[in-house]
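Results of the structural survey
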There are 2 protein chains.
Amino acid sequence: MPAGRHPDHAPLELERFVPYQLSIVSNTVSQAIADDYQARHDLGVTEWRVMAVLARFDGLSAREVAERTAMDKVAVSRALARLVAASRVRRHIHADDKRRSVLGLTAAGWKIHDEVAPMARLRERELLARLAPEEQVWLTRILDKLMPQDGREG
Amino acid sequence: MPAGRHPDHAPLELERFVPYQLSIVSNTVSQAIADDYQARHDLGVTEWRVMAVLARFDGLSAREVAERTAMDKVAVSRALARLVAASRVRRHIHADDKRRSVLGLTAAGWKIHDEVAPMARLRERELLARLAPEEQVWLTRILDKLMPQDGREG
DNA sequence: TGCAAATGGTTTCAGATGAAACCATGATGA
DNA sequence: TCATCATGGTTTCATCTGAAACCATTTGCA
């Protein structure tokens, strides 16, 4: 009988438990990427996600940023505060609705984006390079399926 | 004016970026599982991981638990403090090395384990049920490959 | 021996985080 | 017009977390 000392209790094998594996792999790779730009640009994960979204969609409101980053609005608010303070993001007030903000990257923000984005892509390639080509295709397909589709925001 | 695209800046598409997808999927599923046992047993993720490891390997030290759970020793120390306080884990001092602890589940710990483990497995099956059978096989294979190998064996 | 370095584990401090309360503005309806 | 509710966003509070400092014990070695 394999390594279990308590077969009657059917203990979980953590290292073969998919949610655990996902957590480990995710944390390892995210941390590796974050280490790069945190040191170089004093930029947190949440801040980078906000910047990445604003790079694609100029003029979003904070709420829309939250939707697209799967972060909650508190996290977005704080990330924006830091980004605006560092002049990486500009924030106007919406002309027709004074509650909404209108967000976008500044020149400084774009500069950082253009350094970080290729580096992030490189790390992604390094991760995928550990897989055979067909495995890479399957992983992409599988993650697309597992991603929460409609995404109720909070 | 259309919400701006910036092809010259090659912005990252977050929702197709593998590390981001991993993070979302991992957090979603981990949270779903944790919600179950947190409410029912007042048990945190870190505590559950410690219990799962002790269910398989009786008599580990805190350092060994940290290795096997991929948690740092501070987190393990705190999880153990709560588990011991709740009489879910017993802790002796190692006979030949008074620094080491010798850990194991109590009867109460086993009882909780035997309720939580099947539930966790059920959630894992629910996750995998969203995939075709061959995708399930590929995911398992892929995660095994992506898991950081630490050269130790158990 | 004796003393510095290493190790197991805990505590401290400082930053990150989420839930809920909060504030200002905007929409709704009598 | 006013009262009420909804919405965008920020602040507060309590918890969680990791890095580094810390304590006790063990190991290495002159």
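So, a few notes on the structure that sits alongside this text.

Criteria and thresholds
Along every chain, residues carry numbers that run from 1 in the direction the sequence is written. Each chain is given a letter, starting from A, and each ligand a number, starting from 1, according to the order in which they appear as written. Totals for whole chains, interfaces and linings use every residue, but because this is a predicted model, local features are given only for residues with pLDDT of at least 70 and side-chain atom pairs only at 80 or more, for both listing and counting. With hydrogens and water set aside, each side-chain value is computed from the structure's full complement of heavy atoms. Throughout, the term near means that a residue has one or more heavy atoms lying within 4 Å of the molecule or strand in question. As used in this structure description, the phrase polar contact means that two N or O atoms lie within 3.5 Å; if the pair is within protein, one of them must be able to donate a hydrogen and the other to accept it, and residues adjacent in sequence are counted only when both atoms belong to side chains. We count a stretch as a helix when DSSP gives it H or I for four or more residues in a row; a strand needs E for two or more, and each element gets its number in order from the N terminus. Pairs of residues are marked as contacts when any of their non-hydrogen atoms sit within 4.5 Å. By buried area we mean how much accessible surface two parts lose on assembly, using a 1.4 Å probe and totalling the loss over both. Salt bridges are defined by distance alone: a side-chain nitrogen of Lys or Arg within 4 Å of a carboxyl oxygen of Asp or Glu. Amino acids outside the nonpolar list (Ala, Val, Leu, Ile, Met, Phe, Trp, Tyr, Cys, Pro) and the charged list (Asp, Glu, Lys, Arg) are all regarded as polar, and Gly is one of them. Working definition: rings of Phe, Tyr and Trp (its six-membered ring) pair if their centres are within 6.5 Å, and the pair is stacked with planes under 30 degrees apart, edge-to-face with planes over 60 apart, and tilted otherwise. Relative accessibility thresholds used throughout: buried, under 20% of the residue-type maximum; exposed, over 50%; partly exposed, between the two (1.4 Å probe, protein chains only). Comment: the charge-over-ring label is applied if NZ (Lys) or CZ (Arg) is within 6 Å of the ring centre and within 35 degrees of the ring normal. Every axis in this analysis is a line fitted to C-alpha atoms, fitted for helices over the stretch in contact. Angles between the N-to-C directions lie between 0 and 180 degrees. Roughly parallel means an angle under 35 degrees; roughly antiparallel, over 145; roughly perpendicular, 65 to 115; everything else is oblique. The handedness criterion is simple: a crossing whose near helix is rotated anticlockwise from the far helix by less than a right angle is left-handed, and one whose near helix is rotated clockwise is right-handed.

Attention now goes to the protein's contact with DNA strand D. Taken together, 17 residues surround DNA strand D, and among them Arg-63, Ser-77, Arg-91, Arg-99 and Ser-101 of chain A come closest. Arg-91 of chain A is positioned such that a nitrogen or oxygen atom in its side chain is 2.7 Å from a phosphate oxygen of DNA strand D. In this structure, a base nitrogen belonging to DNA strand D sits 2.7 Å away from a side-chain N or O atom of Arg-78 of chain B. For the surface near DNA strand D, the element with the most residues is helix 4 (residues 73-85) of chain A, which contributes 4 residues.

With that settled, the discussion passes to the interface of chain B and chain A. Listed by partner, the interface residues are 60 residues for chain B and 60 residues for chain A. Interface area for chain B against chain A, summed over the two sides, is near 6,200 Å², with a carbon-plus-sulfur share of 66%. The tally of links from chain B across to chain A stands at 6 salt bridges. Listed by contribution, the elements that provide at least two residues to the side of chain B that touches chain A are helix 1 (18-41), helix 2 (45-56), helix 3 (62-69), helix 5 (107-128) and helix 6 (133-146) of chain B. Examining the composition of the side of chain B that touches chain A, we find that 13 residues originate from one element, helix 1 of chain B, more than from any other. Taken together, the residues of the side of chain B that touches chain A sort by class into 33 nonpolar, 10 polar and 17 charged.

It is worth spelling out the packing of aromatic side chains at this point. When we look at a pair of aromatic rings, we describe it by the centre distance and by the angle of the planes. Going through the model one piece at a time under the given rule, you end up with 3 aromatic pairs over all chains. Arranged with centres 5.9 Å apart and planes meeting at 45 degrees, the rings of Tyr-37 of chain A and Trp-48 of chain A form a pair that is tilted. Here the residue Tyr-37 of chain A occupies a position in helix 1 (residues 18-41), and Trp-48 of chain A occupies one in helix 2 (residues 45-56), the gap between them amounting to 11 residues. Here the two residues Tyr-37 of chain A and Trp-48 of chain A agree in accessibility, since each one is buried. Between Trp-138 of chain A and Trp-138 of chain B, the ring centres sit 5.8 Å apart and the planes meet at 10 degrees, which makes this aromatic pair stacked. Here Trp-138 of chain B lies in helix 6 and Trp-138 of chain A lies in helix 6 (residues 133-146), a pairing that spans two chains. Judged on exposure class, the residue Trp-138 of chain A and its partner Trp-138 of chain B are both buried. Positioned over the ring face of Phe-57 of chain B is Arg-68 of chain B, at 4.0 Å from the centre of the ring. We note Arg-141 of chain B situated over the ring of Trp-138 of chain B; from NZ or CZ to the ring centre the distance is 4.7 Å.

Once that is clear, we can look at the protein's contact with DNA strand C. Arg-63, Ser-77, Arg-91, Arg-99 and Ser-101 of chain B are the nearest of the 18 residues found near DNA strand C. The sugar-phosphate portion of DNA strand C accounts for 54% of its atoms within 4 Å of the protein, the bases making up the rest. One of the side-chain nitrogen or oxygen atoms of Ser-77 of chain B is found 2.7 Å away from a phosphate oxygen of DNA strand C. Those elements giving two or more residues to the surface near DNA strand C turn out to be helix 4 of chain A together with helix 3 and helix 4 (73-85) of chain B. Looking at the surface near DNA strand C residue by residue, the classes come out as 3 nonpolar, 4 polar and 11 charged.

This part is about the packing of helix 1 of chain A against helix 6 of chain B. Put simply, helix 1 of chain A and helix 6 of chain B touch, their axes get as near as 10 Å, and they point 40 degrees apart. As summarised for this structure, helix 1 of chain A and helix 6 of chain B are arranged oblique, according to the angle between their axes. For the element pair helix 1 of chain A and helix 6 of chain B, the recorded crossing hand is left-handed. Where helix 1 of chain A abuts helix 6 of chain B, its residues Val-18, Gln-21, Leu-22 and Val-25 of chain A lie against Leu-139, Leu-143, Asp-144 and Leu-146 of chain B. Of the residues that constitute the contact of helix 1 of chain A with helix 6 of chain B, the class distribution is 6 nonpolar, 1 polar and 1 charged.

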